Amino acid sequence: MATPLKHIHLGAFPLDVGHHIAAWRHPDVPASGGSEFGFYRALAQTAERGKLDMIFFGDQMAAQYPEDETLGRTSRVTRLEPTTLLAALAGATTHLGLVGTVSTSYFEPFHVARKFATLDQLSGGRSGWNVVTSFNDKEALNFNRGEVAGHAERYRRALEFVDVTKRLWDSWDDDAFVRDKDSGLYFDPEKLHVLHHRGEFFASRGPLNIPRSPQGRPVIVQAGASHEGRDFSAGQAEVIFTAQPNLQAARGFYQDVKSRAAALGRHADEIRIMPGVMTFIGRTHEEAQEKYQRLQSLIHPQVGWIVLKRHLGIDLSGMPLDEPFPELELTPDFPSRQKLLIDMARGDGLTVRQFYERVVGARGHLLAIGTAAQVADQFEEWIDGQGADGFNLMLPWLPTALDDVVDLLVPELQRRGRFRHEYQGKTLRSHLGLERPASHYARAA
Ligand SMILES: Cc1cc2nc3c(=O)[nH]c(=O)nc-3n(C[C@H](O)[C@H](O)[C@H](O)COP(=O)(O)O)c2cc1C
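Values in this document were obtained by computation on a predicted structure and should not be read as measured data. (Residues numbered from 1 in each chain as written. Predicted model: local features only at pLDDT ≥ 70, side-chain atom pairs only at ≥ 80, totals over all residues. Heavy atoms only, no water.)

(A) Seen up close, the packing of helix 12 (residues 372-384) against helix 13 (residues 400-415). Running from N to C, helix 12 and helix 13 cross one another at 55°; their axes reach a closest spacing of 9 Å. Classed by the angle they form, the pair helix 12 and helix 13 counts as oblique. Seen along the crossing, helix 12 lies across helix 13 with a hand that is right-handed. Only Leu408, Leu409, Glu412 and Leu413 of helix 13 make contact with helix 12, whose side of the interface consists of Ala372, Ala373, Val375, Ala376 and Phe379. Here the contact of helix 12 with helix 13 is composed, by residue class, of eight nonpolar, no polar and one charged. (Axes fitted to C-alpha atoms, helices over the stretch in contact; angles between N-to-C directions. Helix = DSSP H or I, 4+ residues; strand = E, 2+ residues; numbered from the N terminus. Parallel < 35°, antiparallel > 145°, perpendicular 65-115°, else oblique. Left-handed = near helix turned anticlockwise from the far one by under 90°. Contact = heavy atoms within 4.5 Å. Nonpolar A, V, L, I, M, F, W, Y, C, P; charged D, E, K, R; others polar.)

(B) Layout of empty space enclosed by the protein. This model, assessed by the stated rule, comprises one cavity of 30 Å³ or more. Here the largest cavity defines a volume of roughly 100 Å³. Here the residues of the lining of the largest cavity sort into eight nonpolar, three polar and three charged. (1 Å grid on protein atoms, 1.4 Å probe; cavity = no way out; pocket = protein on both sides within 12 Å on 5 of 7 lines; lining within 4 Å. Points joined across faces, edges and corners; volume = space filled by probe spheres on them.)

(C) Spatial organisation of the side chain of Asp173. Assignment of secondary structure puts Asp173 in the loop between helix 5 (151-169) and strand 5 (197-198). For the buried Asp173, no salt bridge is present, and the opposite-charge side chain at shortest range is Lys191, 5.9 Å distant. Among the polar contacts made by the side chain of Asp173, one reaches the side chain of His193 at a distance of 2.8 Å. Among all residues touching Asp173, those that are not within four sequence positions of it are Lys191, His193, Ser439 and Tyr441. (Buried < 20%, exposed > 50% of the residue type's maximum accessible area, 1.4 Å probe, protein only. Lys, Arg positive; Asp, Glu negative; His and termini not counted. Salt bridge = Lys/Arg side-chain N within 4 Å of Asp/Glu carboxyl O. Polar contact = N/O pair within 3.5 Å; in protein donor to acceptor, adjacent residues only side chain to side chain.)

(D) Quick look at the site of the ligand. The environment of the ligand is made up of 21 residues, and the closest members are Asp59, Thr133, Tyr155, Ser226 and Ser336. Contact distances for the ligand include 2.6 Å between a nitrogen atom and a backbone N or O atom of Asp59. Alone, the ligand offers 610 Å² of accessible surface; in the complex the protein occludes 93% of this. Spatially, the ligand is embedded in the largest pocket. Secondary-structure elements contributing two or more residues to the shell around the ligand are helix 5 and strand 8 (239-242). For the shell around the ligand, the residue count by class is eight nonpolar, eleven polar and two charged. (Near = heavy atom within 4 Å. Areas by Shrake-Rupley, 256 points an atom, 1.4 Å probe, with all protein chains shown as cover. Sits in = over half its atoms within 2 Å of the grid points.)

This is the structure we're talking about:
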């Protein structure tokens with residue numbers, strides 16, 4: 001019997017009015033949409049019409065990009081707070097998974113446990129937490145610190161943070177609340193677990209003042225690619241969002257993380273790896289290329305060089321454009337993205353100009369430009385080549401790029417037997433094919 005085709009998981013990842021740095025200048029784009037609920041509601045409803053697994057919001061807690069805030073040429077200076085936005089979207093959708101980014105560096109576990117447990121209750125089991133450690137000094141300056149903590153410390157803190165959060169989510173057994181009006185017993189005290197946590201970074205007595213949520217625990221998503229980041233993902237994450245520029249790199253990452261997870265006693269199938277991809281989909285290949293070139297032509301060079309410097313950590317603006325990529329030293333303690341970008345430039349033999357065009361556009365993520373059939377071919381190659389379980393779609397300009405996914409790509413994937421026609425369940429876990437976790441206490445018993 002033929003092996004069934006592996007289904008593809010898809011997340012819609014809006015960022016302001018589009019991931020492309022020049023999105024706000026595109027004539028189709030409502031430039032103020034990134035601060036308007038109606039704009040996000042329409043996006044979420046489109047994603048749900050396309051039966052996507054989830055909508056995903058990254059986050060930065062500081063105005064981004066301009067080194068010089070007075071430059072005035074970028075839309076990356078405003079961003080709505082993700083959990084508040086997701087709570088509003090919960091009421092505007094019925095099935096779509098709702099994933100938001102919250103940092104482990106500036107909050108307390110009790111705070112985050114409460115937010116996502118609440119979102120899980122409000123949405124009937126559709127919430128997911130993208131755990132980030134925060135590497136940006138501009139954020140530190142907004143939270144009473146002069147700079148970010150070192151890389152290793154941030155991951156130690158993240159590990160304790162997630163562990164405490166998960167235990168808080170398990171404060172009540174699933175059947176703790178009997179609410180028996182006749183006997184007058186509201187909850188069964190034997191099914192309450194008070195945490196009494198005291199660790200290196202946090203102390204939290206517990207219990208969480210929210211019942212165990214529909215998914216048991218919200219889905220843990222993570223994005224971090226260094227050795228510490230991979231170990232963290234392997235132990236904690238259920239979905240991994242990652243930047244992978246080509247299949248070979250993606251396959252290496254996929255195998256590495258899944259084998260680290262196996263070494264920790266987890267099953268490879270407990271983790272979904274979803275690289276970011278920026279899609280430009282057209283009815284013809286030429287139309288897709290035109291869509292891409294249109295946005296590229298709107299990048300203001302002043303903004304372009306700043307974006308490049310932010311991702312690479314090195315200023316290339318004075319370099320000759322058409323010479324081969326220079327030899328560069330890695331900056332200690334800089335996020336893993338720097339190495340990924342330098343490897344990409346060397347591996348693909350790029351000039352400085354080609355590197356600029358690629359990074360400022362897709363920021364080191366996969367770029368898929370073509371017809372729905374061509375993009376579907378590329379997705380299938382990555383899925384069958386064990387480079388991905390799905391993709392987080394970094395929509396370059398909105399709402400058009402999401403409409404193109406839902407109206408062109410999704411039907412193509414459905415025709416190929418790679419994507420659902422209808423949601424099979426109501427929770428994010430069920431869309432992702434992830435089990436509802438037993439509570440720590442049920443497992444211990
Ligand atoms: C694909 C990807 C997406 C990320 N998204 C965010 C984000 O939205 N907000 C944030 O503060 N950090 C984000 N990060 C940063 C990570 O949480 C982490 O701080 C950073 O990557 C450094 O860790 P690493 O060296 O293990 O990669 C992202 C990282 C990656 C690789």
